[in-house]
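Inside the fold
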Amino acid sequence: MRTSAVILGAGHAGLAMSRCLAERSIDHVVLERGEVANSWKTERWDSLRLLTPNWQSRLPGYAYECDDPDDFMTMPEVIGFIERYAQVISAPVETHTKVTSVRCNDDGYEIETTRGSWQCRAVVLAAGACNIPNVPRGAEALPSFLETLTPMRYRNPAQLPEGGVLVVGASSTGLQLAHEVHSSGRSVILAVGEHVRMPRVYRDKDILWWMDAAGLLDMTWDEVDDIRRARNVPSPQLIGSDERATLDLNGLSKMGVKLVGRFAGVHGRKAQFSGSLHNVCALADLKMNRLLNTVDEWVLEHDLSAVGPVERFESTRVPASPPLDIDLDSGEIRTVIWATGFHPDYSWLDVPVLDRKGRIRHEAGVVDSPGMYLMGLSFLRRRKSSFIHGAGDDARDLSDHLLGYLDATR
Amino acid sequence: MNDKKADNGVNVEALLGAREALRDAPEGAKFTWRASCKWISGTHSRSTVHGFFGLGKEQKHRTEFTFEADHPEVFSSDDNGATPVELVLAGLASCLTAGIASVAQHRGIQLRAVTATLEGGMDIQGILGIDEDVRTGFDGIKVTYEIDGDASKDDIKALVAQSQKRSSVFDIITNPTNVTVEVV
């Protein structure tokens, strides 16, 4: 089968791109290994809600219709939103079509799938950044009697055996799971590495409202000091809830969650943790205050009077001597959850565009292989690139580039 | 990079250049640091450092440096040098301080004075084998910085925090390291 462009992945990013290609009259197809919004349907835990408020749930030519713009979508709502978007834009999606290889040839790209092959001149990789869970080095040395799982397999605390849980990772996922698992009556130890702390609500508005208003979410890859570092910043410690509650380490400590340093490995029968907990918390507190300073300066510049007062939050309370190891034979830990991030799966990509770390070489989504594009990664083109509403601007820019490429090589 | 003129005597351009060059040539980033140590007598020993490997070849310090180590008189020793654990504290302090100067230079912050005071607590029941439950090493290290520089208190704190994040000795002390000791 032949078409001008093929989009891999029918999530929000791939569909936004489909809409932009259609607007530019570029014939294309969207290949999806499962169904529309597949990862949202099959790889998320039950209680998860979007970290971004409803008013940010917008895609090219479509916005989420809801009663409360400040509320956060549940997973069924996200799935419904993306499915409706696919219908509204009449996206040419081929579902249950798993890509097995993408190769270069004289004509562009040849894409093999479980349902036939496609020949195209341009290809957009939009299969997401969270295909494979990261598991830290040293994890393999854990004794086999411990249950281990990743956020992809985690659904709710009922699936865990009785007993204590070690949650490794203190970004959004790790904090949410630590909170939920602790609330189920299990003791929880949280291993904390570098993280990004922010309050859910600041001066009466959602922190993402401020970041949007002050232009932080629109900052582009060429406006930051070090884009490599910006792309590696972990997801902020946010949770979407009716109460618009802040989820931070202090709140978890107050509940009784025990904080330890970054997971450093297993030695003998002991799990070891870094002695750097104080510093990673100090870094996060300082960084949060810099963000709040930016907000306060923006409020002054724009003479906003109808907002709440300036506020500074309590520094992260760290125990004076957090434990550096835990005896795994003591029974204190029964389950380990790796909330240590994800990486994309490019095992099907037979085009030499990966760097030595297995990442795609690209400049703001324009891959180092003519006619190939990338979507949906953290800070791909803008700080908001990995947010749902960030896909729109990226898709518009990249579809323009793609159109230029097709025109120039026709 | 910050536009503000600051001169802390750190060649940040060279460091950034090296970072860019080594990103594309990661083999050159592999260094081996060496020290040798000779027993003098009693608990007194003398360590020397001179050669090391890096940027793909053998390198040398400008001159050989030596470090005397011994135990103090309260341990019935002759006190010909610092105790080895004090050398560890000195290593941590120097590493963090070098980092602070470098990060300050990069951020355009002029430093006038930087003083670190370090304390490592230790219960010597561990060393003496009196109590198996007592750790032989430090039970904790406290570092206190007094810094005079052209920046707000939070910016100074951020310097110190960033320096810890990039410090080898901080990493060596806070994380486990495999150590292999052989007799030839």
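Whatever comes next refers back to the structure up there.
Read on for a plain summary of the structure.

The rules behind each value
Residues numbered from 1 in each chain as written. Chains lettered and ligands numbered in written order. Predicted model: local features only at pLDDT ≥ 70, side-chain atom pairs only at ≥ 80, totals over all residues. Heavy atoms only, no water. Salt bridge = Lys/Arg side-chain N within 4 Å of Asp/Glu carboxyl O. Buried < 20%, exposed > 50% of the residue type's maximum accessible area, 1.4 Å probe, protein only. Helix = DSSP H or I, 4+ residues; strand = E, 2+ residues; numbered from the N terminus. Contact = heavy atoms within 4.5 Å. Buried area = accessible area lost by both parts, 1.4 Å probe. Polar contact = N/O pair within 3.5 Å; in protein donor to acceptor, adjacent residues only side chain to side chain. Nonpolar A, V, L, I, M, F, W, Y, C, P; charged D, E, K, R; others polar.

1. A look at the pattern of salt bridges
All names here are of chain A. Scanning the model with the defined rule gives 35 salt bridges over all chains in all. Among the ionic pairs, K41 bridges to E35, the shortest N-O distance being 3.1 Å. For K41, a relative accessible area of 29% puts it in the partly exposed group. Taking the relative accessible area as the measure of exposure, E35 reaches 35% and is therefore partly exposed. Between D296 and R203 there is a salt bridge, and its shortest N-O distance comes to 2.9 Å. Note that D296 is positioned in helix 8 (residues 277–301) and R203 in the loop between strand 14 (201–202) and strand 15 (205–206), a separation of 93 residues in sequence. Relative accessible area serves as the criterion here: at 10%, D296 is assigned to the buried category.

2. Topic: the interface of chain A and chain B
The accessible area lost on association of the parts is a frequent measure of interface size. The interface is formed by 19 residues belonging to chain A together with 18 residues belonging to chain B. Counting each side, the surface lost to burial between chain A and chain B is near 1,500 Å², with a carbon and sulfur contribution of 45%. Contact with chain B buries surface across chain A, with R228, N279 and L286 of chain A losing the most and accounting together for 31% of the total. A salt bridge links R228 of chain A to E20 of chain B; the nearest nitrogen and oxygen atoms lie 3.6 Å apart. Remark: the boundary between chain A and chain B carries seven residue pairs in polar contact (both at pLDDT 80 or more). Of all the elements in the fold, those that place two or more residues in the side of chain A that touches chain B are helix 6 (227–231), strand 18 (270–273) and helix 8 of chain A. Residue contributions to the side of chain A that touches chain B peak at five residues, all from helix 8 of chain A. The residue inventory of the side of chain A that touches chain B, partitioned by class, reads five nonpolar, six polar and eight charged.

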